[in-house]
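Below are the chains, spelled out letter by letter.
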Amino acid sequence: MNKYIIIVALGALSFGMLSSFAKIAYGQGYTPGEITFSQALIGTIILWSVVIFRNIKNGIYKLTINWKLLLAGTSMGSSAYTYYLSVSYIPASLAIVLLMQITWLSILIEWVFFKKKPNFIEVVSAVFIIFGTVLAGNLLDLNSFNISYKGVFLSLLAAILYTLYVVFTSKLGKETPMFEKSALMTSGSAIIIFLINMEAITTSTNIDFGLLQWGTFLAIFGTVIPPICFTAGMPKIGAGLSSVLLTLELPAAVFCAHIILGEKITFLQLFGIAIMLGAIIYLNLAKAKKQKQVAGSLI
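Residues numbered from 1 in each chain as written. Predicted model: local features only at pLDDT ≥ 70, side-chain atom pairs only at ≥ 80, totals over all residues. Heavy atoms only, no water.

To continue, consider the overall build of the protein chain. From N to C terminus, the protein chain includes 14 helices and zero strands. Secondary structure elements of the protein chain occur, N-terminal to C-terminal, as α-α-α-α-α-α-α-α-α-α-α-α-α-α. Across the 299 residues of the protein chain, 49% fall into the buried class. In the protein chain, 87% of the contacts between residues at least 6 apart in sequence involve partners at least 24 apart. Approximately 15400 Å² of the protein chain is accessible, and the part contributed by carbon and sulfur atoms is 71%. (Helix = DSSP H or I, 4+ residues; strand = E, 2+ residues; numbered from the N terminus. Buried < 20%, exposed > 50% of the residue type's maximum accessible area, 1.4 Å probe, protein only. Contact = heavy atoms within 4.5 Å. Areas by Shrake-Rupley, 256 points an atom, 1.4 Å probe, with all protein chains shown as cover.)

This is the structure in structure tokens:
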């Protein structure tokens, strides 16, 4: 059990550190479009290689393309690009705090589009997450820190797009194997990022070995390792504990930004992060308990 907890935690931590390294890449002259496209393209190649190898090993020589998953992957790509773009305007620690609004945004989207009315616990958790965000992001005092409102807007837009990706992932392709599903969605991600940045990418003078290195690094830690960790560990420890461990992405991103980029973190920000994590963990534990009760009543 402990081994699988560590595996899932490593997947979440892997996600969390990406924005800090992306910001280092910007300092070397690479653009968000170049970084996100190289990450998505290399991740697509790696994942399809794994799918083909596994299929050949199992005697399967036919691939079925789920076009809905390919299309859903565009939300992942546009979210990644928008998020990486926001990091070029605002601190990485603030960007991840704003991105974590996916918890209550997913509740809102399910209410609006799927008529699933939020319960009392979900509403209270959403309020605490928003309150924690205000403290964690220093949003009461943006002017004194010369924070770009464009960066804040882009990060919130990334959160909305990422929420759509999460909803699509949970609703689509349940019959599709994990690696094949990831490969299809990453393919859609690479396509939309290329289309958004087509002119810049095709005329770029930065397509070099350095970009290949950054793309490979970010693809391994953002596209390959997390799905492998989650696939191996989540079935063993259950959805409730898995959801709690996924919140490690937030402190990982904040502390990576502090250690690697030298971004300052105040006590008030730490308090806000603690409130956000507490609300997210409580909400996920409540959901897991409810699902367990429903499952028990059906037996």
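We are not done yet, so read on.
Before going further, it helps to examine the packing of aromatic side chains. This structure, assessed with the given rule, holds five aromatic pairs. For the pair Phe21 and Phe217, a centre-to-centre distance of 5.0 Å together with 65 degrees between the ring planes defines the contact as edge-to-face. Residue Phe21 is located in helix H2 (residues 18–27), and its partner Phe217 is located in helix H11 (residues 209–237); the two are separated by 196 residues in the primary sequence. What makes Phe21 buried here is its relative accessible area of 18%. A ring pair is formed by Tyr83 and Tyr84, whose centres lie 6.1 Å apart and whose planes are at 50 degrees; its orientation type is tilted. Accessibility classification places Tyr83 together with Tyr84 in one group, the buried group. Taken together, the ring pairs connect Phe21, Trp214, Phe217 and Phe221 into an aromatic cluster. (Phe/Tyr/Trp six-rings, centres within 6.5 Å; stacked < 30°, edge-to-face > 60°.)

Right, let's get into the packing of helix H1 (residues 2–16) against helix H13 (residues 249–260). Put simply, H1 and H13 touch, their axes get as near as 7 Å, and they point 45 degrees apart. Considering the angle they form, H1 stands oblique to H13. Crossing of H1 against H13: the hand is right-handed. In contact with Ala12, Leu13, Phe15 and Gly16 of H1, H13 contributes Glu249, Ala252 and Ala253. Residue composition of the contact of H1 with H13, by class: five nonpolar, one polar and one charged. (Axes fitted to C-alpha atoms, helices over the stretch in contact; angles between N-to-C directions. Parallel < 35°, antiparallel > 145°, perpendicular 65-115°, else oblique. Left-handed = near helix turned anticlockwise from the far one by under 90°. Nonpolar A, V, L, I, M, F, W, Y, C, P; charged D, E, K, R; others polar.)

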